[in-house]
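The chain contents come next:
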There are 2 protein chains.
Amino acid sequence: MPGGRPRAFDADNALDRALEVFWRHGYEGTSLADLTAAMGINKPSLYAVFGNKEQLFGKVLARYLEGPGAYAADALAAPTGREVIERLIRGAVDLTAGETTPHGCLCVNSVHACGPDAHAVRQDAIAVRKAGEAALRRRLEQADDLPSRYEPAALAALVHTISDGLAVQAAAGRSPDELRQIGELALCALLTEGPHHIE
Amino acid sequence: MPGGRPRAFDADNALDRALEVFWRHGYEGTSLADLTAAMGINKPSLYAVFGNKEQLFGKVLARYLEGPGAYAADALAAPTGREVIERLIRGAVDLTAGETTPHGCLCVNSVHACGPDAHAVRQDAIAVRKAGEAALRRRLEQADDLPSRYEPAALAALVHTISDGLAVQAAAGRSPDELRQIGELALCALLTEGPHHIE
DNA sequence: TTAGCTATGTACCGTTCGGTACAAAACTAG
DNA sequence: CTAGTTTTGTACCGAACGGTACATAGCTAA
């Protein structure tokens with residue numbers, strides 16, 4: 001029934017290419033010319049399939065969360081609170097310092113896209129971040145193995161903050177090895193029990 | 001001897017206006033029109049006094065470091081290692097969540113300016129960051145009051161990372177109060193001694 | 001083959017970008 | 001007043017931006 005000329009590219013594959021470019025160069029640093037070149041299509045095709053640049057970024061962000069960023073949601077399924085946090089921090093290191101992927105985190109990058117056209121994109125990224133932290137807080141509320149000095153909400157915010165810091169460090173060019181050391185040290189600081197009373 | 005028409009604006013004041021705009025909207029998110037409007041001058045005056053956009057940003061970055069960012073260098077003069085770190089973290093919170101200043105950190109923002117024209121600016125920001133962390137490391141090497149699990153270089157990197165995370169949180173709209181709580185909790189995690197052996 | 005549909009490639013739109021040429025304006029030195 | 005110097009305002013430059021009109025190519029259904 002539909003007929004018509006068949007599409008000459010794979011939409012999912014093109015979306016992955018767009019993800020790569022947005023991740024590496026940021027929302028505002030990526031032009032439509034960059035996108036079409038990387039995706040191997042022309043502008044009319046891009047608009048027909050993905051909408052405008054802003055809408056395309058929305059789809060890229062969703063794909064980022066269910067692809068490279070899926071470690072975060074997966075980590076919440078770990079059996080103990082400590083393991084949840086360990087997997088989050090180590091996952092952040094692996095994601096942001098990956099050898100084959102751009103350094104840094106697409107979501108953290110997007111928070112810093114402050115141009116006049118990027119307002120909606122920024123709000124999207126912030127919403128995603130809020131939702132992620134809320135999920136972590138709910139998970140930590142059900143853990144009983146964490147150092148007693150922590151309130152779940154505050155600990156979730158701190159873990160989120162450290163994860164953000166790792167993304168910045170990666171974006172600033174810190175080597176994967178160094179980043180891994182920082183992550184491990186952060187875990188050590190986070191998960192060490194406070195001083196026991198002697199005797 | 002020189003003569004000539006007198007300048008109709010104060011260069012230092014104009015630089016502060018430029019700092020405000022760059023801080024709030026980022027390097028790439030700020031246009032020359034934004035700058036001239038905020039500084040109250042026209043483009044030829046801007047170019048005559050500050051050079052092009054990239055050179056202007058360099059001067060803005062220097063002013064940022066010796067103005068709002070001076071807390072970081074000052075903190076190194078604190079008497080103990082713990083106080084150095086406390087002042088750094090609390091200073092980062094105050095800087096990035098200031099009521100009268102833009103949220104976030106100009107230097108962290110600039111690391112995420114990934115457009116084609118922003119390469120030099122990004123390298124400037126990274127150089128500043130490296131120098132700051134090196135100074136912190138040297139200071140921590142001379143402290144003897146820090147938890148024994150820390151190597152100075154690793155601790156300096158972790159403090160830097162947490163400071164970056166706070167800047168991201170501020171840029172993402174976290175309230176000053178929440179940010180303060182996160183900072184205090186980070187200090188608690190960083191500076192708490194490891195478990196003592198019981199008896 | 002033909003009609004109808006969708007995707008493709010090209011060529012273009014108006015706007016905004018960073019940057020500059022140029023003349024009028026405002027000062028100092030003589 | 002005049003000559004020389006520097007800043008100011010305006011008007012403009014070529015390039016790149018996001019986005020689109022339009023004709024053609026390539027398919028399906030009859």
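Worth saying up front: this structure is predicted, and the values here are computed from it rather than measured. (Residues numbered from 1 in each chain as written. Chains lettered and ligands numbered in written order. Predicted model: local features only at pLDDT ≥ 70, side-chain atom pairs only at ≥ 80, totals over all residues. Heavy atoms only, no water.)

(A) A look at the packing of helix H2 (residues 32–39) of chain A against helix H3 (residues 43–50) of chain A. Residue and element names in this part refer to chain A. The geometry of H2 relative to H3 is characterised by a closest axis approach of 10 Å and an angle of 90° between their N-to-C directions. Our classification of the angle between H2 and H3 gives roughly perpendicular. Between H2 and H3, the residues in contact are Leu32, Leu35, Thr36 and Met39 and Lys43, Leu46, Tyr47 and Phe50, respectively. For the contact of H2 with H3, a count of residues per class yields six nonpolar, one polar and one charged. (Axes fitted to C-alpha atoms, helices over the stretch in contact; angles between N-to-C directions. Helix = DSSP H or I, 4+ residues; strand = E, 2+ residues; numbered from the N terminus. Parallel < 35°, antiparallel > 145°, perpendicular 65-115°, else oblique. Contact = heavy atoms within 4.5 Å. Nonpolar A, V, L, I, M, F, W, Y, C, P; charged D, E, K, R; others polar.)

(B) Expanded view of the pattern of salt bridges. Going through the model one piece at a time under the given rule, you end up with 18 salt bridges over all chains. Among the salt bridges present, the one from A:Asp16 reaches A:Arg63, with a minimum N-O distance of 2.4 Å. Residue A:Asp16 is located in helix H1 (residues 11–25), and its partner A:Arg63 is located in helix H4 (residues 53–66); the two are separated by 47 residues in the primary sequence. Note that B:Glu20 and B:Arg24 form a salt bridge whose closest N and O atoms lie 2.8 Å from each other. (Salt bridge = Lys/Arg side-chain N within 4 Å of Asp/Glu carboxyl O.)

(C) Up close: the interface of chain A and chain B. Taken together, the contacts link 44 residues of chain A with 44 residues of chain B. In total, chain A and chain B occlude about 3,500 Å² of area from one another, counting both sides; carbon and sulfur atoms represent 66% of this. Between the two partners, chain A and chain B, sit eight residue pairs in polar contact (both at pLDDT 80 or more). Put simply, the parts of the chain that give the side of chain A that touches chain B at least two residues each are H1, helix H7 (106–111), helix H8 (119–141), helix H9 (152–171) and helix H10 (176–191) of chain A. Examining the composition of the side of chain A that touches chain B, we find that 13 residues originate from one element, H9(A), more than from any other. Here the residues of the side of chain A that touches chain B sort into 23 nonpolar, twelve polar and nine charged. (Buried area = accessible area lost by both parts, 1.4 Å probe. Polar contact = N/O pair within 3.5 Å; in protein donor to acceptor, adjacent residues only side chain to side chain.)

(D) Highlighting the protein's contact with DNA strand D. Close to DNA strand D lie 23 residues, the nearest being A:Leu32, A:Lys43, A:Tyr47, B:Asn42 and B:Ser45. A distance of 2.7 Å separates a phosphate oxygen of DNA strand D from a polar backbone atom of A:Leu32. When contributions to the surface near DNA strand D are tallied by element, the ones reaching two or more residues are H3 of chain A together with helix H3 (43–50) of chain B. With three residues, H3(A) is the single largest residue contributor to the surface near DNA strand D. Residue classes in the surface near DNA strand D are distributed as ten nonpolar, eight polar and five charged. (Near = heavy atom within 4 Å.)

(E) Region of the structure containing the protein's contact with DNA strand C. In the vicinity of DNA strand C, 22 residues are found, and the nearest of them are A:Ala8, A:Ser45, B:Leu32, B:Lys43 and B:Tyr47. The sugar-phosphate portion of DNA strand C accounts for 68% of its atoms within 4 Å of the protein, the bases making up the rest. At a separation of 2.7 Å, a phosphate oxygen of DNA strand C approaches a polar backbone atom of A:Ala8. Between DNA strand C and B:Arg5 there is a distance of 3.2 Å, counted from a base nitrogen to a side-chain nitrogen or oxygen. Breaking the surface near DNA strand C down by element, the ones donating at least two residues are H3 of chain A together with H3 of chain B. In terms of residue count, the dominant contributor to the surface near DNA strand C is H3(B) (three residues). Here the residues of the surface near DNA strand C sort into nine nonpolar, eight polar and five charged.

(F) Quick peek at the nonpolar core. Of all hydrophobic cores here, the largest spans 70 residues; its most connected members are A:Leu56 and B:Leu56. Core analysis: the second largest hydrophobic core is formed by 60 residues, A:Ile89, A:Ile162, B:Leu88 and B:Ile162 among them. (Core = buried A, V, L, I, M, F, W, Y, C linked by side-chain atoms within 4.5 Å. Buried < 20%, exposed > 50% of the residue type's maximum accessible area, 1.4 Å probe, protein only.)

(G) Spatial organisation of the packing of H10(A) against helix H9 (residues 152–171) of chain B. H9(B) packs onto H10(A) with a crossing angle of 80° between their chain directions and a minimal axis gap of 9 Å. By the angle between their axes, H10(A) is roughly perpendicular relative to H9(B). Taking contact as the criterion, the partners of A:Ile182, A:Leu185 and A:Ala186 in H10(A) are, on H9(B), B:Ala154, B:Leu155, B:Ala157, B:Leu158 and B:Thr161. Classifying every residue of the contact of H10(A) with H9(B) by side-chain character gives seven nonpolar, one polar and no charged.

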